[in-house]
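# Architecture at a glance
Letter by letter, the chains look like this.
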Amino acid sequence: MKKFEYFSPTRIVFGEGKLQEIASFLPPVERILVVTGRSSSKKSGALDLLKTSLKEKTLFIFDEVEENPGLETVNKGTHIVRKEKIGLVIGLGGGSPMDAAKCIALLAKNDGLIEDYLGGDKDAYSPLPIIEIPTTAGTGSEVTQHAVITMGSHKKGYSNQGIFPKVAILDPKLTLSMPQDITVNTGVDALTHSIEGYLSILATPESDNVAVEAIRITKEELPKVAQDGENLEARSRMLYASMLGGLVISRTRTIILHALGYPLTTFYGVPHGRANGALIPWALEFLSRDVGGQNFEPLQEKISSIVKIFGDINEFINNLGIPTRLSDYGITQNDIPRFVKDVWGRRNLEVTPKEVKQEDIENIYKRAL
Ligand code: NAP
Ligand code: FE
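Bear in mind the structure is a predicted one, so any value in this text is a computation, not a measurement.

Further remarks concern the site of ligand 1. Taken together, 30 residues lie around ligand 1, and S40, G95, S96, T135 and T136 are the ones closest in. A distance of 3.3 Å is found between a nitrogen atom of ligand 1 and a side-chain nitrogen or oxygen belonging to S141. If ligand 1 stood free it would expose 940 Å²; the protein chains cover 90% of that surface. Put simply, the parts of the chain that give the shell around ligand 1 at least two residues each are helix 4 (95–108), strand 6 (146–151) and helix 6 (180–199).

The coordination sphere of the iron ion (ligand 2) contains the protein donors D189 (OD), H193 (NE2), H258 (NE2) and H272 (NE2), at a distance range of 2.1 to 2.3 Å. Coordination geometry of the iron ion (ligand 2): the four donor atoms subtend angles of 82 to 167 degrees at the metal centre, consistent with an arrangement described as irregular. Sequence positions of the donors to the iron ion (ligand 2) reduce to the motif D-x3-H-x64-H-x13-H. Linking D189 with H193, this pair stays in helix 6, spanning four residues, or about one helical turn.

With that settled, the discussion passes to unusual backbone geometry. The phi torsion at N68 lies on the positive side, around 50 degrees, for a residue other than glycine. With respect to the helices and strands, the residue N68 is situated in the loop between strand 3 (58–65) and helix 3 (71–83).

Looking now at the sheet that holds strand 4 (residues 88–93). Read across the sheet, six strands follow the order 1-8-5-4-2-3 without closing on themselves; strand pairing throughout is parallel. Strands at the two margins of the open sheet, each flanked by one partner only, are strand 1 (11–14) and strand 3. Recorded for the sheet is a direction-independent mean angle of 15 degrees between the axes of neighbouring strands. Both strand 5 (residues 130–134) and strand 8 (residues 167–170) contribute to a ladder of two bridges, which runs parallel. Considered in strand 8, the bridge of I131 is made with V167. In this fold helix 3 packs onto strand 2 (31–37), strand 3 and strand 4, with an angle of close to 165 degrees to the strand it touches most, strand 3. Together, strand 2, strand 3, strand 4 and strand 5 form the strand contacts of helix 4, whose direction differs from that of strand 4 by roughly 165 degrees.

Before going further, it helps to examine the domain arrangement of the protein. Domain boundaries in the protein define domain 1 (11–175) and domain 2 (182–368). On a C-alpha basis, the centroid separation for the pair domain 1 and domain 2 is 25 Å. Contact residues are listed per partner, giving 26 residues for domain 1 and 25 residues for domain 2. At the boundary of domain 1 and domain 2, one finds zero salt bridges. Mapped by element, the contributors of at least two residues to the side of domain 1 that touches domain 2 are strand 1, strand 6 and strand 7 (154–159). At three residues, the largest contribution of residues to the side of domain 1 that touches domain 2 is made by strand 6. Residue classes in the side of domain 1 that touches domain 2 are distributed as nine nonpolar, twelve polar and five charged.

Parameters and conventions
- Residues numbered from 1 in each chain as written.
- Chains lettered and ligands numbered in written order.
- Predicted model: local features only at pLDDT ≥ 70, side-chain atom pairs only at ≥ 80, totals over all residues.
- Heavy atoms only, no water.
- Near = heavy atom within 4 Å.
- Polar contact = N/O pair within 3.5 Å; in protein donor to acceptor, adjacent residues only side chain to side chain.
- Areas by Shrake-Rupley, 256 points an atom, 1.4 Å probe, with all protein chains shown as cover.
- Helix = DSSP H or I, 4+ residues; strand = E, 2+ residues; numbered from the N terminus.
- Donors = N, O, S within 2.8 Å, 3.2 Å for Na, K, Ca; no water.
- Tetrahedral: all angles 85-135°; square planar, octahedral: opposite > 155°, others 65-115°.
- Pairing = 2+ DSSP bridges.
- Axes fitted to C-alpha atoms, helices over the stretch in contact; angles between N-to-C directions.
- Contact = heavy atoms within 4.5 Å.
- Domains from an automatic or database assignment.
- Salt bridge = Lys/Arg side-chain N within 4 Å of Asp/Glu carboxyl O.
- Nonpolar A, V, L, I, M, F, W, Y, C, P; charged D, E, K, R; others polar.

Okay, here's the thing in structure tokens:
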């Protein structure tokens, strides 16, 4: 059997009403920074609920995290955490605030700016403890050691075992307020984590089981929540599947599909999960093509089991309202060189179960146009 490592230090607390119990999951700290987005956690009442549940503590709120958070936002939050002698960072929101919270917790205990650490060349001491509370069902960031920060027009992943959250509080009620488009986009992100983790060269027998379970649940539940956002049971199962996807990529990372999706977001503003969804058929088609590599047979078996679950995955994605032609997003032939440049050299390609050449990336985008 293949060698592997298993490390999941996050305490996972799942269930309706769990946010209100947060005080019982806290380490002994007084001063807490809450990192959140600009509006949804206020509109939905999630931030008020958190404030009430932590009324015994001294709370600082940093509510300026934008989608696909940039360097400046992280550095701004860092200023507060350093100045106010914070003991714990809570991320409340989608992947964007949760990832920003991780980086801010890191910088609380380390000097410099986030850009010094993103390249992986600066060592970091243990960050402040982190608690993550997702309000989307998509990134699984609440259980991973990964964070994604946008530097200009390039999304950069950062991974460090120190930023594994101490506690993840998954309260499905917090996802009820997502409108249909965000529900679908984030749900498809969760799906791609499970699919990519399943195909990654770092996959293990354990992660495969988790990935397949998450893929099956998403196939059943995502169309239901897309149709009826009030269906709390389906919302719960999607939040569960998204968390499973996070556990998977905490072991396997993501492969070529996530790398291909990033330029759609940075150059065209396509939301993260939607960008990945648009490229699922094209990435799978590339991986299905035989070039005589040694991984070919086991890889095909895995792709066949995905196909068995979905039937036509292209149709599944289209039925959710996500076009799988890049021209539908305004992308043209002229964009391909800069897209290829963005993908080339990404670490995702190292764990993709097939050799990827620069011209392969170009061809995938061309076919997808
Ligand atoms: P997001 O960027 O956090 O949020 C997208 C939008 O959804 C925002 O407008 C947000 O509003 C809104 N929203 C969030 N929760 C809501 C709710 N319950 N009701 C209504 N609106 C809500 O989206 P995301 O897809 O969850 O996160 C994407 C980010 O995570 C990307 O940067 C991506 O690269 C990263 N990511 C990280 C990992 C990882 O392992 N760490 C994995 C995959 C992706 P507000 O801004 O007002 O809150
Ligand atoms: Fe993702």
